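# Working through the structure, step by step
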Amino acid sequence: MNAPRKIQIAARQSDLARLQAYRVGGELAKAHPGLEIEYSFRASLGDKNLEDPLWKMPEKGVFTEDFLNDLIEGKADLVVHSWKDLPTELREKTEIAATLPRADVRDLLLFRKDRLESARNAGLVRILTSSPRRAYNLAPFLKAHLPFEAEVGFENVRGNIPTRLKKMLEQDVDGLIVAKAALDRLLEAPEPEFAPVQKVIRDVLAVSNWMVLPLSVNPTAAAQGALAVEIRKDRRDVAELLKKIHCETTFATVSQERKILASYGGGCHQKIGVNVLARPYGQIRFLRGLTDAGQVLNDKILEGAKKPQSGSYFPKKGEEAVFFDREVLPREKWASAEAARYLWIARESALPSDFQVRGDSVVWTAGLDTWKKLARRGVWVSGSAEGLGEHEPMRVETLLGSKMIEWLKLTHDRSLKGMRSCATYRLIERKDVSDIKGRDRYFWMSSSAFDRALELFPEIAKAEHATGPGSTLEHVRARLGRDVSVYLSVEEFREEN
């Protein structure tokens, strides 16, 4: 089979679509020196009709169908799509032959700083989005996790990224939700033609607070952040070219997401978000929303991890072994941390009540419960590790415009490993600890609790042990010298016992 010397890449004409086509073309050029690449850009139906909400438009392929004939008739050798825009049904004459490594899958909330006080006083927040999924999943979350109490309403918005950003600033609204991957890709583009849109994004970021919205609450559109390279099925010459740039991990997880969505009818009009994340300890699946049939979906599942199920366990619901009391350290021990711009908060008590958070600080939390408690204290939280551990990547360097970000973790005096840390409170060992030995299985939410329990009851080392992902998992494995079970939460652990 002779490899083509020149290929024609087609895509939509928006900034983001052109950029995505350039990324595929650039990777092909690196993989196949001498390959000549041409680009063809034009508007789709979804680009031409900017008046109707997406849910009022044709359900399938509103941004992709216009390019199908180009492939079939040989006017283009391949088309680059945002994969989430493609129908979940397989096409008869074309196929997805490749994808690149996936960008950040999460959604991003931009909130105008000049509207914070008025929204707080009114007790009402109005957010632009064209997604029924976002509106359904995020209304209760934002009500509880914004740094003030307010009802949350959503209004339709259409257009490319610059258009939507402009509407956010010019309309009587407080914020906008976008796919984070879109901003990241545009801001990272080296081509001079994207300088104007980069300036627009930077100007909006300068006048906005932002939140990277958690996947456990707001799983995104199936395949969000992934590119789909579509070709005609009989073009094996093009398929061979694409093999060298193909990311199999992205393809596998995205295919699984689309299969799950298709099982509920498919289509971007549904109020369903689904994401699959591949991690060293297993595969995480988030599924949340409301089907057209009225079925409520709310799954957070870790697959592929070791999970033995037998015998008695600790802690049972309502049972608690408190190994420590907590005492805030004197202010002079942690006052220097107030100068830090990037704060990672291990738990709500790690942020003393008189801690002065900088106005330009980026606050990240270990879990959503800590986020909620800090929000009730008036702290703007920008994102969370969602209980997956401090090694879970934040991926905010592009938004912040710097690759040199050093986080400071606020925690207790026995947890100063890993990330650069500052102890704001100390653990005081309790003497009146319940006898917890004699169980078959134990779940640990912190390394310090495990160490103290092992010190008091060394015989429990012979039992089965489980933790959540993150540093506690690594610590318990190292102490025991063997593998342990992994769960996303103590609630999931209990449900399986």
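A brief structural summary. The shown structure was predicted, so the numbers you read here are calculated from the model rather than taken from an experiment.

Criteria and thresholds
- Residues numbered from 1 in each chain as written.
- Predicted model: local features only at pLDDT ≥ 70, side-chain atom pairs only at ≥ 80, totals over all residues.
- Heavy atoms only, no water.
- Buried < 20%, exposed > 50% of the residue type's maximum accessible area, 1.4 Å probe, protein only.
- Helix = DSSP H or I, 4+ residues; strand = E, 2+ residues; numbered from the N terminus.
- Contact = heavy atoms within 4.5 Å.
- Phe/Tyr/Trp six-rings, centres within 6.5 Å; stacked < 30°, edge-to-face > 60°.
- Lys NZ or Arg CZ within 6 Å of the ring centre and 35° of its normal.
- Polar contact = N/O pair within 3.5 Å; in protein donor to acceptor, adjacent residues only side chain to side chain.
- Axes fitted to C-alpha atoms, helices over the stretch in contact; angles between N-to-C directions.
- Parallel < 35°, antiparallel > 145°, perpendicular 65-115°, else oblique.
- Left-handed = near helix turned anticlockwise from the far one by under 90°.
- Nonpolar A, V, L, I, M, F, W, Y, C, P; charged D, E, K, R; others polar.
- Core = buried A, V, L, I, M, F, W, Y, C linked by side-chain atoms within 4.5 Å.
- Pairing = 2+ DSSP bridges.

The next point concerns helix α9 (residues 236-243). Taken together, the buried positions of α9 are occupied by Asp237, Val238, Ala239, Leu241 and Leu242. Where α9 is buried, its residues touch β1 (6-12), α1 (15-31), β3 (78-82), β4 (94-98) and β10 (227-232).

On to the packing of aromatic side chains. All chains considered together, the criterion is met by 20 aromatic pairs. An angle of 50° between the planes, with centres 6.0 Å apart, marks the rings of Phe314 and Trp444 as tilted. Of this pair, Phe314 sits in strand β14 (residues 313-314) while Trp444 sits in strand β21 (residues 441-444); the two residues are 130 residues apart in sequence, bridging distant segments of the chain. For the pair Phe314 and Trp444, one class covers both residues: buried. One aromatic cluster in this structure is built from Phe314, Phe323, Tyr442, Trp444 and Phe450. Sitting over the ring of Phe67, Arg42 keeps its end group 4.8 Å from the ring centre. One cation-aromatic arrangement involves Lys316 over Tyr313; the distance from NZ or CZ to the ring centre is 5.9 Å.

Moving on: the environment of Lys84. Mapped onto the secondary structure, Lys84 falls in the loop between β3 and β4. On the basis of relative accessibility, which here comes to 33%, the residue Lys84 falls in the partly exposed class. Placed 140 residues apart in sequence, Lys84 and Gln224 show a C-alpha to C-alpha distance of 5.3 Å. In this view, Lys84 contacts Ala221, Ala222, Ala223 and Gln224; residues no more than four positions away in its chain are not counted. Polar contacts involving the side chain of Lys84 include one to the side chain of Asp85, which spans 3.5 Å.

Attention now goes to the packing of α1 against helix α7 (residues 180-188). Interaxial distance between α1 and α7 falls to 10 Å at its minimum, and their mutual angle equals 65°. Accordingly, the angle class assigned to the pair α1 and α7 is roughly perpendicular. Considering how the two elements wind past one another, α1 and α7 form a crossing that is left-handed. Contacts between α1 and α7 involve Asp15, Leu16, Leu19 and Gln20 from the former and Ala182, Arg185 and Leu186 from the latter. Across the contact of α1 with α7, the residue classes tally to four nonpolar, one polar and two charged.

The subject of this paragraph is the nonpolar core. Ranked by size, the top nonpolar core spans 69 residues in total, and within it Phe111, Val125, Leu142, Phe323, Leu410, Ile436 and Trp444 carry the most contacts. Every residue in contact with Leu142, bar those within four places of it in the chain, is listed here: Leu109, Val152, Phe154, Met211 and Leu213. The next biggest cluster of nonpolar side chains, apart from the first, holds 38 residues, and it includes Tyr22, Leu205, Val396 and Met419.

What follows deals with the sheet that holds strand β6 (residues 124-128). Spatial ordering of the open sheet is given by β7-β6-β8-β5-β9, a layout of five strands whose pairing is mixed. This sheet does not close on itself; its edge strands, each paired only once, are β7 (151-155) and β9 (208-212). Strand-to-strand twist across the sheet, computed as the mean angle between neighbouring axes with direction ignored, equals 25°. Where strand β5 (residues 107-112) meets β9, five bridges bridge the pair, whose relative direction is antiparallel.

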